[in-house]
Amino acid sequence: MELICVNCPRGCRLSVEKGENGEVKVSGYGCPRGLKYGETEFLDPVRTVTGLVRLAGMRRPLPVKTSEPVPKARMYDVLAVMRQTTTRPPVSIGDTIVENVAGTGASLVATANIV
Ligand code: SF4
(Lines give C-alpha, C1' and ligand atoms only; values in the text may rest on other atoms or scores of the structure.)
Protein backbone atom coordinates (compact mmCIF):
# COMPACT_ATOMS: atom_id res chain seq x y z
CA MET A 1 0.00 0.00 0.00
CA GLU A 2 1.34 3.42 -1.01
CA LEU A 3 0.33 6.47 1.04
CA ILE A 4 1.20 10.11 1.40
CA CYS A 5 1.52 11.17 5.03
CA VAL A 6 -0.84 14.09 5.69
CA ASN A 7 0.53 15.05 9.10
CA CYS A 8 2.72 17.88 7.81
CA PRO A 9 3.41 19.74 4.54
CA ARG A 10 6.43 17.59 3.72
CA GLY A 11 4.09 14.85 2.49
CA CYS A 12 6.39 11.87 2.80
CA ARG A 13 5.54 8.96 0.50
CA LEU A 14 5.00 5.89 2.64
CA SER A 15 5.07 2.28 1.62
CA VAL A 16 3.22 -0.08 3.97
CA GLU A 17 3.13 -3.86 3.79
CA LYS A 18 2.71 -6.89 5.98
CA GLY A 19 5.97 -8.60 6.90
CA GLU A 20 6.67 -12.32 6.91
CA ASN A 21 5.75 -12.61 10.58
CA GLY A 22 2.55 -10.60 10.26
CA GLU A 23 4.10 -7.35 11.44
CA VAL A 24 3.37 -4.09 9.65
CA LYS A 25 6.36 -2.68 7.82
CA VAL A 26 6.39 1.03 7.00
CA SER A 27 9.09 2.75 4.98
CA GLY A 28 9.56 6.25 3.63
CA TYR A 29 8.54 8.18 6.74
CA GLY A 30 10.51 11.18 7.92
CA CYS A 31 9.51 11.07 11.58
CA PRO A 32 7.67 8.87 14.11
CA ARG A 33 4.30 10.46 13.27
CA GLY A 34 4.56 9.07 9.76
CA LEU A 35 5.33 5.61 11.11
CA LYS A 36 2.22 5.73 13.30
CA TYR A 37 0.12 7.11 10.44
CA GLY A 38 1.21 4.30 8.13
CA GLU A 39 0.47 1.63 10.73
CA THR A 40 -2.97 3.08 11.52
CA GLU A 41 -3.93 3.51 7.87
CA PHE A 42 -2.99 -0.11 7.21
CA LEU A 43 -4.61 -1.70 10.27
CA ASP A 44 -7.50 0.55 11.30
CA PRO A 45 -8.01 3.68 9.18
CA VAL A 46 -10.13 6.36 10.81
CA ARG A 47 -11.45 9.76 9.73
CA THR A 48 -13.05 12.78 11.32
CA VAL A 49 -16.23 13.26 9.26
CA THR A 50 -17.56 16.75 8.53
CA GLY A 51 -20.84 17.73 6.95
CA LEU A 52 -24.10 19.62 7.34
CA VAL A 53 -27.45 19.02 9.04
CA ARG A 54 -30.71 20.88 8.50
CA LEU A 55 -31.78 23.68 10.80
CA ALA A 56 -35.53 23.85 11.35
CA GLY A 57 -36.98 27.11 10.05
CA MET A 58 -33.73 28.25 8.45
CA ARG A 59 -32.35 28.07 4.95
CA ARG A 60 -28.76 27.73 6.04
CA PRO A 61 -27.59 24.36 7.35
CA LEU A 62 -25.52 23.74 10.46
CA PRO A 63 -21.94 22.55 9.94
CA VAL A 64 -21.07 19.55 12.10
CA LYS A 65 -18.24 17.09 12.61
CA THR A 66 -17.66 13.91 14.51
CA SER A 67 -16.29 14.44 18.00
CA GLU A 68 -13.52 11.96 17.26
CA PRO A 69 -12.29 10.00 14.25
CA VAL A 70 -14.54 7.10 13.24
CA PRO A 71 -13.65 3.95 11.27
CA LYS A 72 -13.26 4.85 7.60
CA ALA A 73 -15.64 2.04 6.69
CA ARG A 74 -18.42 3.79 8.66
CA MET A 75 -18.09 7.21 7.04
CA TYR A 76 -21.08 6.73 4.73
CA ASP A 77 -23.26 5.62 7.65
CA VAL A 78 -22.34 8.83 9.47
CA LEU A 79 -23.09 10.92 6.38
CA ALA A 80 -26.49 9.18 6.07
CA VAL A 81 -27.33 10.22 9.65
CA MET A 82 -26.32 13.79 8.82
CA ARG A 83 -28.71 13.81 5.84
CA GLN A 84 -31.57 12.57 8.02
CA THR A 85 -30.97 14.96 10.92
CA THR A 86 -32.75 18.26 11.57
CA THR A 87 -31.99 20.32 14.65
CA ARG A 88 -33.30 23.58 16.06
CA PRO A 89 -31.51 26.83 16.81
CA PRO A 90 -30.01 28.21 18.93
CA VAL A 91 -26.91 26.08 18.64
CA SER A 92 -23.44 26.76 20.03
CA ILE A 93 -20.10 25.43 18.86
CA GLY A 94 -19.47 22.09 20.54
CA ASP A 95 -23.14 21.29 21.19
CA THR A 96 -23.92 17.62 20.70
CA ILE A 97 -26.43 17.19 17.87
CA VAL A 98 -26.45 13.36 17.70
CA GLU A 99 -24.94 11.02 20.28
CA ASN A 100 -23.28 7.77 19.23
CA VAL A 101 -23.76 8.56 15.58
CA ALA A 102 -24.31 5.40 13.52
CA GLY A 103 -23.19 3.35 16.51
CA THR A 104 -19.60 4.57 16.24
CA GLY A 105 -19.37 5.90 19.78
CA ALA A 106 -18.61 9.39 18.45
CA SER A 107 -21.05 12.28 18.60
CA LEU A 108 -22.00 14.79 15.94
CA VAL A 109 -21.08 18.20 17.30
CA ALA A 110 -21.84 21.68 16.00
CA THR A 111 -18.97 23.68 14.54
CA ALA A 112 -20.82 27.02 14.32
CA ASN A 113 -22.91 29.28 16.52
CA ILE A 114 -26.47 29.75 15.27
CA VAL A 115 -28.83 32.09 17.15
S1 SF4 B 1 6.36 11.35 8.11
FE2 SF4 B 1 6.75 13.06 9.49
S3 SF4 B 1 7.96 14.47 8.22
FE4 SF4 B 1 6.97 13.07 6.81
S5 SF4 B 1 5.02 14.06 6.21
FE6 SF4 B 1 4.60 12.71 7.96
S7 SF4 B 1 4.75 14.06 9.73
FE8 SF4 B 1 5.79 15.09 8.04
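Residues numbered from 1 in each chain as written. Predicted model: local features only at pLDDT ≥ 70, side-chain atom pairs only at ≥ 80, totals over all residues. Heavy atoms only, no water.

## Structural notes on the domain arrangement of the chain
Part 1 of the reasoning: We note that the domain assignment places domain 1 (2-44) and domain 2 (47-110) within the chain.
Part 2 of the reasoning: A C-alpha centroid distance of 30 Å is found between domain 1 and domain 2. (Domains from an automatic or database assignment.)

## Overview of the environment of Leu79
Part 1 of the reasoning: As for its position among the elements, Leu79 is in helix H2 (residues 75-84).
Part 2 of the reasoning: Classification of Leu79 by relative accessible area gives partly exposed; the value is 24%.
Part 3 of the reasoning: When near neighbours in sequence (up to four residues on either side) are disregarded, Leu79 contacts Val49 and Thr50. (Helix = DSSP H or I, 4+ residues; strand = E, 2+ residues; numbered from the N terminus. Buried < 20%, exposed > 50% of the residue type's maximum accessible area, 1.4 Å probe, protein only. Contact = heavy atoms within 4.5 Å.)

## What about the nonpolar core?
Part 1 of the reasoning: In this structure, Leu62, Ile97 and Leu108 are the most contacted members of the largest nonpolar core, which totals 18 residues.
Part 2 of the reasoning: Elements that contribute at least two residues to this core include exactly strand S5 (50-55), strand S6 (62-66), H2, strand S9 (96-98) and strand S10 (108-110).
Part 3 of the reasoning: At 3 residues, the largest contribution of residues to this core is made by H2.
Part 4 of the reasoning: Ignoring any residue separated from it by four or fewer positions in sequence, one finds Leu62 in contact with Gly51, Leu52, Val53, Leu55, Thr87, Val91, Ile97, Ala110, Ala112 and Ile114.
Part 5 of the reasoning: If you look at the next biggest cluster of nonpolar residues, it comprises 8 residues, including Cys12, Val24, Val26 and Tyr37. (Core = buried A, V, L, I, M, F, W, Y, C linked by side-chain atoms within 4.5 Å.)

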